[in-house]
Amino acid sequence: MNSWILKDNNYKESYQLKETLFSIANGYLGVRGSFEEGLNKEIPSVRGTYINGFYEKEEIIYGEKLHGFPDNSESILNVIDTQGIKIKINDEEFSLDKGKVLSFERELNFKKGIATRTVHWRSPKGNEINIEFKRLISFVQKELFLIQIEVEALNFDGDIEIISIIDGDVSNIVVEDDPRVGSANAKALKVINVKQENNCSFVEANTKNSNLTVVSGISHKYPKKFQETILIEQKNINHFIKGNLLKGEKNIFTKYAVYTDTIRYKNEMSNNIEILNSVLTYDFNHFASLQEDYLNNFWKYSNIEINGDEKMQQAIRFNMFHLLQSAGKDQWSNISAKGLSGEGYEGHYFWDTEIYIFPFFLFTNPNLAKNFLTYRYTILDSARKRAKQMGHTIGALYPWRTIAGEECSPFFPAGTAQYHINVDIAYSIIQYFEVTEDISFMAEKGIEMLAEIARLMYHIGHFRSDGKFCIDAVTGPDEYTCIVNNNYYTNVLTKNLFDKIGVLWNKIKATHKDKLERISAKIKFNEVELINFEKAGKEMYLPFDKERKLHPQDDSFFNKKVWDFENTPKEKYPLLLNYHPLTLYRHQVCKQADTILGHFLLEGETELEFIENDYNYYEKITTHDSSLSTCIFSIMANRTGKHEKAYDYFMNTSRLDIDNLHHNTENGIHTACMGGSWMSIVFGFAGMRVINGELSFRPNLPKKWESLNFKINFKNRVLNCYLEADTIEIKLIEGQSLKVNVNDNLIAVDETKTIIK
Ligand code: BGC
């Protein structure tokens, strides 16, 4: 097995799933891995092209709409389709449904950033051809999607016609009985213009409510002996490229497709024309080589090498590659729950970014991580507006799910009530500063977000009669337990913010006084507020059952009946698809890690003994119906010495999409889980943490693994970490020497290998 490649030889099975797995993207543009020519209509398929942050807004229709319910939903749109290419040889149309497929292979190459499909096909009349399709969405020229086709006639001389299509007649999928898929307006994109100019064709389409426009332009390169004619229709344009094929001769056709939109471009049509003309001066190989350079640089810092476990090696590379493909790289975009690989969860951005995906980028590519925070800054005004709608006189409330900034979650108990999104964002801002020491980001954007979040959290809490600071009526990460008082996770993350904001404020004041004064004036911040936050942090109530030495997930959790797991048949999982939410809320049953996640993020808030007790308790009642769960259990199983369990949970995490373990990857990859697989390795098996500004390790290499190697970017340094049986070897690759903590011993690390037993 080549662990840099995902391969497939079976085009007949699981077509829709493979459209997801073989999707390509660059964080701006994403195209599902459909076949250019299409396939039998009976076979389920979602043929999609997505632009990160490009959405339509629809009014949410409620049976009963109460005050503060979100007005609109935002859904990612399937945009203009440029995948379409039909091939005719001697008037017989190439299709895997007809004739005979003599061989078929496709692959996604994580080093090259190219998806390839090779088919040896015999037509019904016996003409044999070899076709190789190559696809690339450029990381360097973000608007560009390229398809190169190489056709070789194997046993005949004859005619060939390539029909290349640009099609604005597209729709989104509508699935009403699964909340994880979403239900957008199927036909939200309207074609407003089709035009042709010098062998280039353009389709322009817009949305009604979000008032956005997208333009796509295509053009082609082919051997001189071929001739091209163009047919413009109402919503699509077809290019007919005709010529003759000689036996044994390879002919190469390249399709260039460029996408621009009104979110990022001043004049989406003329910008498109310019970009298309400029990319046309280069061939496929030029962009392929830039792609490889870009990826070489990415892998230089991100690569994880696992010796002794090929399947896991492949899975982790697949996951990291998809994370890079999915990550928005400008201020208008983030990383959605499904990346750009499908329409699941309507393309929304959740807390998944901050808690599950952010660490991977932070420790390998901090600039990309910063972009996620910049995006949160872009939507800060919407979060302030939302806070007001929700009756808070001060602060900002970030949306549970969104694209452009509006709260889009119609089901408030497992949506708006998840106020922890606010402190998740705060956690990652604080973590960003700890790891990068990027004080100018903090002064420009970070501290403003922290201040507004802290205000909001202070506003929703109150000091109880015993002086404890409590937060009522919120939902923690576990969506099977909703609207509770004092969710441990929410409280402990809020405490973290309250404890740290004052120190951060003063640090910024010392170097960026003017900026801080400007922000204070802008948001009318009074430093007395910092004193309040500090007090609330000190007095934060963290529920704890002294007798049982356990942390209840919230005030009422332990009063509830434990779910009858023994008599719940397998087919009833995931429970959310089979039980009314109230039935779930009445029981002790968790969809995902909640208190255990709080322990992972803020281990210092309690003792290891209690963490272990909690682990043992919550493990029994957690269904892992969310793909965000097993990675946290894997990390914490390692932390509490259960190494085999840690490995089992890791297997379920790292191969969740490749092996379709949740049976829904056809709707898109699970980006949080992918980030979780990186975390399970680095925070789990290597036991890495940042504690009081210092990097520390507590290695637990799985028995099966001969060695593990990865790199960490920390405070402007790059470290190489190599684990074998019971040693860890740390070496400084870039930056100045530093001290790290290994199994509670502080050790100096420099360019020479530091081996620690
Ligand atoms: C999980 C949430 C998550 C969402 C998107 C849900 O199933 O419970 O925690 O944010 O999926 O991934």
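Residues numbered from 1 in each chain as written. Predicted model: local features only at pLDDT ≥ 70, side-chain atom pairs only at ≥ 80, totals over all residues. Heavy atoms only, no water.

Caption draft 1: Quick look at the packing of helix α6 (residues 366-378) against helix α9 (residues 439-460). With their axes 10 Å apart at the nearest point, α6 and α9 run at an angle of 55 degrees to one another. Comparing their axes, α9 and α6 come out oblique. Relative to α9, α6 is oriented so that their crossing is left-handed. Between α6 and α9, the residues in contact are K370, L373, T374, R376 and Y377 and F441, E444, K445, E448 and M449, respectively. Among the residues forming the contact of α6 with α9, the class breakdown is four nonpolar, one polar and five charged. (Axes fitted to C-alpha atoms, helices over the stretch in contact; angles between N-to-C directions. Helix = DSSP H or I, 4+ residues; strand = E, 2+ residues; numbered from the N terminus. Parallel < 35°, antiparallel > 145°, perpendicular 65-115°, else oblique. Left-handed = near helix turned anticlockwise from the far one by under 90°. Contact = heavy atoms within 4.5 Å. Nonpolar A, V, L, I, M, F, W, Y, C, P; charged D, E, K, R; others polar.)

Caption draft 2: Molecular detail of the layout of surface pockets. In this model, the second largest pocket occupies a volume close to 810 Å³. Contributing to the lining of the second largest pocket are 38 residues, with E37, G38, K41, R47 and K86 lying nearest its centre. When residues of the lining of the second largest pocket are traced back to their parent elements, those giving at least two are β7 (85-89), β13 (158-167) and β18 (236-245). By residue number, the principal contributor to the lining of the second largest pocket is β13, which donates three residues. The class makeup of the residues in the lining of the second largest pocket is twelve nonpolar, 14 polar and twelve charged. (1 Å grid on protein atoms, 1.4 Å probe; cavity = no way out; pocket = protein on both sides within 12 Å on 5 of 7 lines; lining within 4 Å. Points joined across faces, edges and corners; volume = space filled by probe spheres on them.)

Caption draft 3: Layout of the site of the ligand. In the neighbourhood of the ligand, the contacting residues comprise A337, Y345, F350, W351, D352, W400, E479, K591, Q592, S626 and L628. Separating an oxygen atom of the ligand from a side-chain N or O atom of Y345 is a distance of 2.9 Å. Here an oxygen atom of the ligand and a side-chain polar atom of E479 are 3.1 Å apart. Relative to its free-state accessible area of 310 Å², the ligand is covered by the protein chains to the extent of 94%. (Near = heavy atom within 4 Å. Polar contact = N/O pair within 3.5 Å; in protein donor to acceptor, adjacent residues only side chain to side chain. Areas by Shrake-Rupley, 256 points an atom, 1.4 Å probe, with all protein chains shown as cover.)

Caption draft 4: Fine view of unusual backbone geometry. Along the chain, Y573 connects to P574 via a cis peptide bond; the corresponding omega equals -5 degrees. In this structure, N716 is a non-glycine residue whose phi angle is positive, near 65 degrees. Topologically, N716 is positioned in the loop between β27 (707-714) and β28 (717-724). Judged by its relative accessible area of 61%, N716 falls in the exposed class. (Buried < 20%, exposed > 50% of the residue type's maximum accessible area, 1.4 Å probe, protein only.)

Caption draft 5: Highlighting the environment of Y618. Looking at the element boundaries, Y618 is found in helix α15 (residues 608-620). Residue classification places Y618 among the buried residues on the basis of a relative accessible area of 2%. Sequence-wise, Y618 and F633 are 15 residues apart; in three dimensions their C-alpha atoms are separated by 9.7 Å. Apart from residues lying up to four places away in sequence, Y618 is in contact with H551, P552, Q553, F557, F558, C590, T595, I596 and F633.

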